[in-house]
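Structural overview for review
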Amino acid sequence: MSYNVLIIGSGGREHALAWGISRSKELNTLYIAPGNPGTEPLGINVPISPSGYPSVKEYFEAVHAFAIEKKIDVTVIGPEQPLVDGITDFLEEKGLKVFGPSQKAAQLEGSKIFSKWLMHKYNIPTADSESFTGETVLEDVEAWLKVENEKWPVVIKADGLAAGKGVFICKNLSEASAHIQRIKDDPSLRKAATRVVVEEFMEGEEASVFAITDGRHAKLLLSAQDHKRIGEGDTGLNTGGMGAYGPAPVADSRIMKLVEDTILYPTLGAMQVEGHPYRGVLYLGLMINEEGPRVVEYNCRFGDPECQVIVPAMKSDLLRVIMATVNFELEKEEVEMHDGHYCCVVMASGGYPEAFEKGMEIHGLEEVSEDSMVFHSGTRSENGKVYTNGGRVLTVTSKGASLSEAIDAAYRDIEKISFDKAYYRRDIGAKGLKRSS
Ligand code: AMP
Ligand code: GLY
């Protein structure tokens, strides 16, 4: 078999997917829309991206026209936004194969009210919660917290996609009232917060578990831990993720079994029963403590930067697994991961996640050892030189026989790369090391 593949997206996650798919024996031609300088040597970058079109529909039409022209056998969707906007349904209705959930299934990520409703209905372990909608939602939340809520802290979340900015942890009523006031005063937050979930704060250690599923059968890939805060020791502002490693020691075999039995399969079953079978990558964001794992959030795609450790850790042919998924044949497919440990560190523009400058020349990319991989996120190339072009610029991924070897290798290689005002956290993986020692 020999397939033409189109990857949608432009970040480090999509570079990692392109790297994995480009190694497949079953690949004919790989296209990435729009891709980045890192994906250029792996396939053909195509200048189709959402920002180039006046509407989502016209963007989807452009993707469809390209897929028909190039006889694409499968379109792999990297980011959440097109999934939540319904790209899978749009292309499937026209007879194309898509790796990624339908719009209704992507609500698991796109609507916290939906995902909490589903988890409570099907007894999937998660934090207790209340959902609020309507004109006076913020006033209702404040009144509920004053009168009904008994346990602090609480977590206040906007319902829709909010790029990590829609979650507030509040220790007491006055903190909650202050946050509610901040939401009211900020037009963009206010817009995201017309539907709100208030939930119990869960104690424990966070980890993510990734699975690929064709709706009925699922294969667990890897557990991983992201580092969402900009500062060392998990301090400072939230980011898209500053580094990751896997497997996560906190998700030991007992926990992984509980994840399969009490979360993964119940979720897939629930989505079937609700008429929205889930297909693609299911990202389970978990809080783990002695009592077991509970769901913090679902995401409907690979994490970024977690994908940059998961894809290198896959022993099985990624494209074969993707084709088995879209053809509902995952049950028969062996999905194996390499032994060993993987760590990735994100190099960002100084100032990120707040204001930062772009256009710094990146040096040292060719010095990185062959055992490590550099995945591009926010870069641009011109006349053979590579420049910074975003907040998160690139990710270095390394493997090791132990977590500590993987961490050391990643730092040895990231130190060879430089650009003006570069920033990276020096403690990626430290929590995992502490737990495994
Ligand atoms: P979410 O967008 O729902 O993943 O929330 C973002 C982050 O907020 C999570 O990764 C957790 O660190 C934290 N968080 C969210 N909900 C809870 C909760 N119920 N208990 C504890 N921490 C939470
Ligand atoms: N790294 C977190 C995410 O992709 O949502």
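Just above sits the structure.
These notes cover the structure that comes with them. (Residues numbered from 1 in each chain as written. Chains lettered and ligands numbered in written order. Predicted model: local features only at pLDDT ≥ 70, side-chain atom pairs only at ≥ 80, totals over all residues. Heavy atoms only, no water.)

Secondary structure summary: the protein contains 14 helices and 22 strands in total. Scaling as 2.2 N^0.38, a compact globule of 437 residues should have a C-alpha radius of gyration of about 22 Å, and the protein matches this with 21 Å. The buried share of the protein, taken over its 437 residues, is 56%. Long-range pairs, those at least 24 residues apart, make up 68% of the contacts in the protein with a sequence separation of at least 6. Summed over all atoms, the accessible surface of the protein reaches about 19,000 Å², with 48% contributed by carbon and sulfur. Treating the 47 positive side-chain charges of the protein as one cloud and the 64 negative ones as another, the clouds have centres 1 Å apart. (Helix = DSSP H or I, 4+ residues; strand = E, 2+ residues; numbered from the N terminus. Rg over C-alpha atoms; globule rule 2.2 N^0.38 Å. Buried < 20%, exposed > 50% of the residue type's maximum accessible area, 1.4 Å probe, protein only. Contact = heavy atoms within 4.5 Å. Areas by Shrake-Rupley, 256 points an atom, 1.4 Å probe, with all protein chains shown as cover. Lys, Arg positive; Asp, Glu negative; His and termini not counted. Charge placed at Lys NZ, Arg CZ, Asp CG, Glu CD.)

Moving on, we come to the site of ligand 1. Neighbouring ligand 1 are 14 residues, the closest being K157, E199, M202, E206 and E297. At 2.7 Å from a nitrogen atom of ligand 1 is found a main-chain nitrogen or oxygen belonging to M202. Contact distances for ligand 1 include 2.5 Å between an oxygen atom and a side-chain N or O atom of E206. Contact with the protein chains removes 88% of the 460 Å² of surface that ligand 1 exposes when unbound. (Near = heavy atom within 4 Å. Polar contact = N/O pair within 3.5 Å; in protein donor to acceptor, adjacent residues only side chain to side chain.)

Here the focus is the sheet that holds strand β9 (residues 195–200). Sheets are built from strands paired through backbone hydrogen bonds, the pairs being either parallel or antiparallel. Read across the open sheet, the four strands follow the order β6-β9-β7-β8; overall the sheet is antiparallel. The open sheet terminates on both sides in strands that have one partner only, identified here as β6 (129–133) and β8 (167–170). Recorded for the sheet is a direction-independent mean angle of 20° between the axes of neighbouring strands. Strand direction decides the pairing type here: strand β7 (residues 154–158) and β8, joined by four bridges, are antiparallel. Across the sheet, the residue bridging to I156 is F168, located in β8. (Pairing = 2+ DSSP bridges. Axes fitted to C-alpha atoms, helices over the stretch in contact; angles between N-to-C directions.)

Since there are 3.6 residues in each turn of an α-helix, residues three or four apart along the chain are aligned in direction. Summarising burial for helix α6 (residues 112–121): seven of the ten residues are buried, a large majority. Taken together, the buried positions of α6 are K112, I113, F114, S115, K116, L118 and M119. Where α6 is buried, its residues touch α5 (107–110), β6, β7, β9, α10 (253–273) and β16 (292–299). Positive backbone phi, at 55°, marks N123, one or two positions downstream of α6.

Surveying the vicinity of ligand 2 reveals the residues D226, G240, Y283, N299, R301, G303, D304, P305 and E306. Between G240 and ligand 2, the recorded distance is 3.1 Å, taken from a backbone N or O atom to a nitrogen atom. In the complex, the protein chains occlude 87% of the 200 Å² of accessible area that ligand 2 would expose alone. Here the residues of the shell around ligand 2 sort into two nonpolar, three polar and four charged. (Nonpolar A, V, L, I, M, F, W, Y, C, P; charged D, E, K, R; others polar.)

Between its first and last C-alpha atoms helix α8 (residues 173–185) spans 18 Å; for 13 residues at 1.5 Å apiece the expected length is 18 Å, and the two agree. For α8, the set of buried residues is A176, H179, I180 and I183. Looking straight down α8, one finds that the buried residues subtend no more than 100° of arc, so they occupy a single side. Exposed residues lying more than 90 degrees from the buried face of α8 are S174 and D185. (Expected span 1.5 Å × (residues − 1). Arc of directions from axis to C-beta.)

Attention now goes to the pattern of salt bridges. Evaluated as defined, the whole model comprises 26 salt bridges. A salt bridge links E200 to K151; the shortest N-O distance between them is 3.6 Å. Here the residue E200 occupies a position in strand β9, and K151 occupies one in the loop between α7 (137–147) and β7, the gap between them amounting to 49 residues. Classification of E200 as buried rests on a relative accessible area of 16%. Overall, the relative accessible area of 54% leaves K151 in the exposed class. (Salt bridge = Lys/Arg side-chain N within 4 Å of Asp/Glu carboxyl O.)

What follows covers the layout of surface pockets. Considered as a void within the structure, the second largest pocket measures approximately 380 Å³ in volume. Together, 20 residues line the second largest pocket, and W19, R23, M314, K315 and H338 are the ones closest to its centre. Counting residues per element, the ones that place at least two in the lining of the second largest pocket are α1 (12–22), α11 (307–313) and α12 (318–326). Across the lining of the second largest pocket, the residue classes tally to seven nonpolar, four polar and nine charged. (1 Å grid on protein atoms, 1.4 Å probe; cavity = no way out; pocket = protein on both sides within 12 Å on 5 of 7 lines; lining within 4 Å. Points joined across faces, edges and corners; volume = space filled by probe spheres on them.)

Glancing now at the packing of α1 against α12. Here α1 crosses α12 at 100°, and the two axes come no closer than 7 Å. Judged by the angle between their axes, α1 and α12 are roughly perpendicular. Residues L17, G20 and I21 of α1 form the contact with α12, whose participating residues are L318, L319 and I322. In terms of residue class, the contact of α1 with α12 is built from five nonpolar, one polar and no charged. (Parallel < 35°, antiparallel > 145°, perpendicular 65-115°, else oblique.)

Moving on: the side chain of R425. With respect to the secondary-structure elements, R425 resides in the loop between β22 (422–423) and α14 (430–436). The buried category is assigned to R425, whose relative accessible area is 1%. From its side chain, R425 meets the backbone oxygen of G231 in a polar contact 3.2 Å long. Apart from residues no more than four positions distant in its own chain, R425 is found in contact with H227, R229, I230, G231, E232, G233, D234, M242, V345 and Y411.

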